[in-house]
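# Tertiary structure, described
Residues per chain are reported as follows:
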Amino acid sequence: MIGIFGGTFDPIHYGHLRTALEVMQGAGLDEVRFIPLHQAVHREQPVVGGRSRLQMIRAAIRGQPGFVADDRELRRQGESYTVDTLGSLRAEFGDRSICLIVGGDAFREFLTWHRPLEILDLANLIVMQRPGHSDFSDPSLQALISERKAEHSELIRQQPAGRIFFQPVTQLEISATRIRAMVAAGASARYLMPEAVLRVIQKNNHYSG
Ligand code: ATP
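Okay, so let's go over this structure. (Residues numbered from 1 in each chain as written. Predicted model: local features only at pLDDT ≥ 70, side-chain atom pairs only at ≥ 80, totals over all residues. Heavy atoms only, no water.)

### Thoughts on the sheet that holds strand S1 (residues 2-7)
The six strands lie next to each other as S3-S2-S1-S4-S5-S6, forming an open sheet whose pairing is parallel. Two strands lie at the open edges of the sheet, namely strand S3 (67-69) and strand S6 (164-168), each paired on one side alone. On average, each strand axis in the sheet is tilted by 30° relative to the strand beside it, whichever way the strands run. Where S1 lies against strand S2 (residues 31-36), six bridges are found, and the strand directions are parallel. Bridging from a neighbouring strand, Gly6 pairs with Ile35 of S2. Across the sheet, helix H2 (residues 50-61) lies against S2 and S3, angled at about 160° from S3, the strand it touches most. (Pairing = 2+ DSSP bridges. Helix = DSSP H or I, 4+ residues; strand = E, 2+ residues; numbered from the N terminus. Axes fitted to C-alpha atoms, helices over the stretch in contact; angles between N-to-C directions. Contact = heavy atoms within 4.5 Å.)

### Side note on the site of the ligand
The immediate surroundings of the ligand are formed by 17 residues, with His13, Arg43, Leu172, Ala176 and Thr177 found nearest. Take Thr8: an N or O atom from its side chain is 3.0 Å from an oxygen atom of the ligand. Between the ligand and Arg180, the relevant distance is 3.1 Å, taken from an oxygen atom to a side-chain nitrogen or oxygen of the residue. Notes on the ligand: free accessible area 600 Å², of which the protein chains cover 80%. Judged by the proximity of its atoms to the pocket grid, the ligand belongs to the largest pocket. The set of elements that each furnish at least two residues to the shell around the ligand consists of S1, helix H1 (14-27) and helix H9 (176-184). Partitioning the shell around the ligand into residue classes produces five nonpolar, ten polar and two charged. (Near = heavy atom within 4 Å. Polar contact = N/O pair within 3.5 Å; in protein donor to acceptor, adjacent residues only side chain to side chain. Areas by Shrake-Rupley, 256 points an atom, 1.4 Å probe, with all protein chains shown as cover. 1 Å grid on protein atoms, 1.4 Å probe; cavity = no way out; pocket = protein on both sides within 12 Å on 5 of 7 lines; lining within 4 Å. Sits in = over half its atoms within 2 Å of the grid points. Nonpolar A, V, L, I, M, F, W, Y, C, P; charged D, E, K, R; others polar.)

### A word on unusual backbone geometry
Cis geometry is adopted by the peptide bond preceding Pro11, which originates at Asp10 and carries an omega value of 5°. Structurally, the position occupied by Pro11 is in the loop between S1 and H1. In this model, Gln77 sits at a positive phi of 60°, which is unusual for a non-glycine residue. By the secondary structure assignment, Gln77 is in the loop between helix H3 (72-76) and helix H4 (82-93). We note that Tyr207 has phi near 65°; this positive angle belongs to a residue other than glycine. Note that Tyr207 resides in the segment after helix H10 (195-204).

Purely spatial values, then, with no claim about function.
This is the structure we're talking about:
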């Protein structure tokens with residue numbers, strides 16, 4: 001069972017790392033692949049280059065069994081569409097279960113993504129939720145949930161794609177945007193991310209404005 005955690009990771013921080021670990025353990029994933037995007041589709045472009053963001057991911061996950069840095073979106077160039085990334089993973093991993101990990105906020109917009117139903121043909125979704133929060137009131141999304149919801153992680157283990165599983169996680173209020181602002185202002189961003197990531201930032205003067 002392969003978990004896919006995509007994002008800008010500009011930089012990676014404990015908000016990403018803690019939730020990824022909880023999802024891996026909670027849903028019983030064999031691995032979580034961190035995939036930094038090359039070119040954002042729906043948001044501002046990253047501040048530092050792809051290779052530097054990958055270097056920070058590698059520094060952050062070193063020594064954690066099951067965590068993998070995956071550079072396929074950087075190698076592919078162009079806009080980083082999730083559906084293309086999943087197509088490439090599917091070609092590589094055959095009929096293994098592939099689980100795209102998304103935050104509750106991102107999932108609320110899921111039906112506006114590029115080719116969402118093809119995404120579900122290629123992968124299961126694991127939606128990270130704060131315990132007690134499940135406000136998905138859009139009727140089309142509600143219909144999708146009732147059709148596709150997996151009550152147990154066993155179902156996303158058995159089926160390679162097509163199901164939606166909700167995983168409660170401890171959501172830490174950490175954002176990369178705030179970290180970049182702190183570093184630019186000369187404030188310490190210590191304890192928001194692994195020391196190894198801070199060292200990469202300091203050594204390369206990332207985000208210093
Ligand atoms: P930015 O502040 O630059 O928008 P970010 O901190 O939100 O960045 P991203 O790299 O854009 O980080 O996020 C990648 C994925 O991680 C997204 O799916 C996002 O929902 C999730 N994520 C971001 N921050 C957290 C957090 N604190 N806890 C859990 N998940 C998070």
